[in-house]
Amino acid sequence: MRSLITIVAVLFTFSFCTASCSKEDEPSSIENNGSGSTNPSSTKMKITIGTAVFTATLYDNPSAAAFKALLPLTIIMTELNNNEKYFNLPKPLPTNASVGGAIKNGDLMLYGSNTLVLFYKNFNTSYSYSKLGNIDNPTGLAEALGNGNVVVKFENN
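Residues numbered from 1 in each chain as written. Predicted model: local features only at pLDDT ≥ 70, side-chain atom pairs only at ≥ 80, totals over all residues. Heavy atoms only, no water.

Colleague: Give a description of the packing of aromatic side chains that names residues and reports values.
Modeller: Here the structure, examined in full by the defined rule, presents five aromatic pairs. Ring geometry for F119 and F123: centres 5.6 Å apart, planes at 55 degrees, overall tilted. Both rings, one in F119 and one in Y129, keep their centres 5.3 Å apart while their planes meet at 90 degrees; by these two values the pair is edge-to-face. Of the two residues, F119 is situated in strand β7 (residues 115-119) and Y129 in strand β8 (residues 123-135); the sequence distance between them amounts to ten residues. Taking the relative accessible area as the measure of exposure, F119 reaches 0% and is therefore buried. By relative accessible area, which is 5% here, Y129 ends up buried. (Phe/Tyr/Trp six-rings, centres within 6.5 Å; stacked < 30°, edge-to-face > 60°. Helix = DSSP H or I, 4+ residues; strand = E, 2+ residues; numbered from the N terminus. Buried < 20%, exposed > 50% of the residue type's maximum accessible area, 1.4 Å probe, protein only.)

Next up, the structure:
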């Protein structure tokens, strides 16, 4: 029994070291524009709200990659402040938060480490967010999201 516990402990330690020593911790060649965001990637995502379908481009960062790994995801997003919908994810994602500044209609962000936020109006904020991506053409987004809580489906494109 003691050797079984030792083996499990060694395997756990090895797994933990392997996960924490991944290439994601190495500096990348992606330039940061000073606002905490990274360059958009070629990764596209489909967002469906009722009958409206939008295409979004995810940023090339660990937060967006972790979110993409959760897809497909169908959730009920809650209305907040007449400018955003949010959902508390079941587990935390990596963060790289920066002060929001100018929020744009169609921005997809992470507040804290587990609150997914989809903005549908432009405004300025002093809150900090990790940028996940944005909707390529947000025309009609506010109308599709409506005034209350709404079912939103995120999936790979």
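Next, the rest of the story.
Colleague: Could you give me a rundown of the environment of G100, with the residues and numbers involved?
Modeller: Along the chain, G100 turns up in strand β5 (residues 98-103). Spatially, the C-alpha atom of G100 lies 9.7 Å from that of F123, the residues being 23 residues apart in sequence. The contacts of G100, once residues within four sequence positions are left out, are T125, Y127, S128 and Y129. (Contact = heavy atoms within 4.5 Å.)

Colleague: How would you summarise the pattern of salt bridges if you had to cite specific residues and measurements?
Modeller: All told, the structure shown has four salt bridges when counted by the stated rule. One salt bridge connects K44 with D136, and the closest N-O pair in it is separated by 3.0 Å. Taken together, the residues span a long stretch of sequence, with K44 in strand β1 (residues 40-49) and D136 in the loop between β8 and α3 (141-145) at a distance of 92 residues. On the accessibility criterion, K44 (34% relative accessible area) is partly exposed. Given a relative accessible area of 38%, D136 falls into the partly exposed group. For K85, the salt bridge goes to E79, with nearest N and O atoms at 2.5 Å. (Salt bridge = Lys/Arg side-chain N within 4 Å of Asp/Glu carboxyl O.)

Colleague: Give a description of unusual backbone geometry that names residues and reports values.
Modeller: Following L71, the chain continues into P72 via a peptide bond in cis, with omega recorded as 0 degrees. Following the sequence through the fold, P72 ends up in the loop between α2 (62-68) and β3 (73-80). Of note in the backbone geometry, N81 takes a positive phi value of approximately 60 degrees without being a glycine. Mapping N81 onto the fold places it in the loop between β3 and β4 (84-88). For N81, a relative accessible area of 55% corresponds to the exposed category. Here the phi dihedral of N82 falls at roughly 55 degrees; this positive angle occurs in a residue that is not glycine. Turning to its location among the elements, N82 is positioned in the loop between β3 and β4.

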